[in-house]
Amino acid sequence: MIGLGNFTAFAVLYTFGNILSLASTGFLVGPLRQLKSMFDPTRVITTIVFLAAMIMTLLSALLVRI
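Model, not experiment: these values are computed from the prediction. (Residues numbered from 1 in each chain as written. Predicted model: local features only at pLDDT ≥ 70, side-chain atom pairs only at ≥ 80, totals over all residues. Heavy atoms only, no water.)

A.B. asks: Describe in detail the overall build of the chain, supporting the description with residues and values.
C.D. replies: When helices and strands are counted, the chain shows 3 helices and 0 strands. Projecting the C-alpha coordinates of the chain onto the three principal axes gives extents of approximately 40 × 25 × 20 Å. Counting only residues that meet the buried cut, the chain has 15% of its 66 residues in that class. (Helix = DSSP H or I, 4+ residues; strand = E, 2+ residues; numbered from the N terminus. Buried < 20%, exposed > 50% of the residue type's maximum accessible area, 1.4 Å probe, protein only.)

A.B. asks: Mind laying out the packing of helix H1 (residues 7-29) against helix H2 (residues 31-38), listing which residues take part and the relevant values?
C.D. replies: One way to put it is that H1 packs onto H2 with a least axis distance of 6 Å and a crossing angle of 115 degrees. Between H1 and H2 lies a crossing of right-handed hand. Where H1 approaches H2, its residues Leu-22, Thr-25, Gly-26 and Val-29 are matched on the opposing element by Pro-31, Arg-33, Gln-34 and Met-38. Here the contact of H1 with H2 is built from residues that sort into 4 nonpolar, 3 polar and 1 charged. (Axes fitted to C-alpha atoms, helices over the stretch in contact; angles between N-to-C directions. Left-handed = near helix turned anticlockwise from the far one by under 90°. Contact = heavy atoms within 4.5 Å. Nonpolar A, V, L, I, M, F, W, Y, C, P; charged D, E, K, R; others polar.)

A.B. asks: Now, about the packing of H1 against helix H3 (residues 44-63): what can you tell me, with residues and values included?
C.D. replies: Across the interface, H1 lies against H3 with an axial gap of 8 Å and an inter-helix angle of 155 degrees. Taken as axis vectors, H1 and H3 run roughly antiparallel relative to one another. Two packed elements cross with a definite hand, and for H1 against H3 that hand is left-handed. Residues Thr-8, Ala-11, Val-12, Thr-15, Asn-18, Ile-19 and Leu-22 of H1 form the contact with H3, whose own contacting residues are Phe-50, Met-54, Thr-57, Leu-58, Ala-61 and Leu-62. Among the residues making up the contact of H1 with H3, the classes are represented as 9 nonpolar, 4 polar and no charged. (Parallel < 35°, antiparallel > 145°, perpendicular 65-115°, else oblique.)

A.B. asks: Could you give an account of H3, naming the residues involved and the relevant values?
C.D. replies: Look at H3: 28 Å from first C-alpha to last across 20 residues, which is about the 28 Å you get at 1.5 Å a residue. Residues of H3 that are buried sit in contact with H1 and H2. (Expected span 1.5 Å × (residues − 1).)

The following block contains the structure:
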């Protein structure tokens, strides 16, 4: 069944995976260059939406109980 599952664990692991991928690219190119690239004027809106989505995923998974 699709509706049955541990949504909190999925959301936490999914967000952790996104953070890990950001950290790994930061490791490859350097953290300062990664941040400069993320907050480049052409990418700043996308970065803010991505970070906000990760925060909202964690908040909804940890605070909202079904």
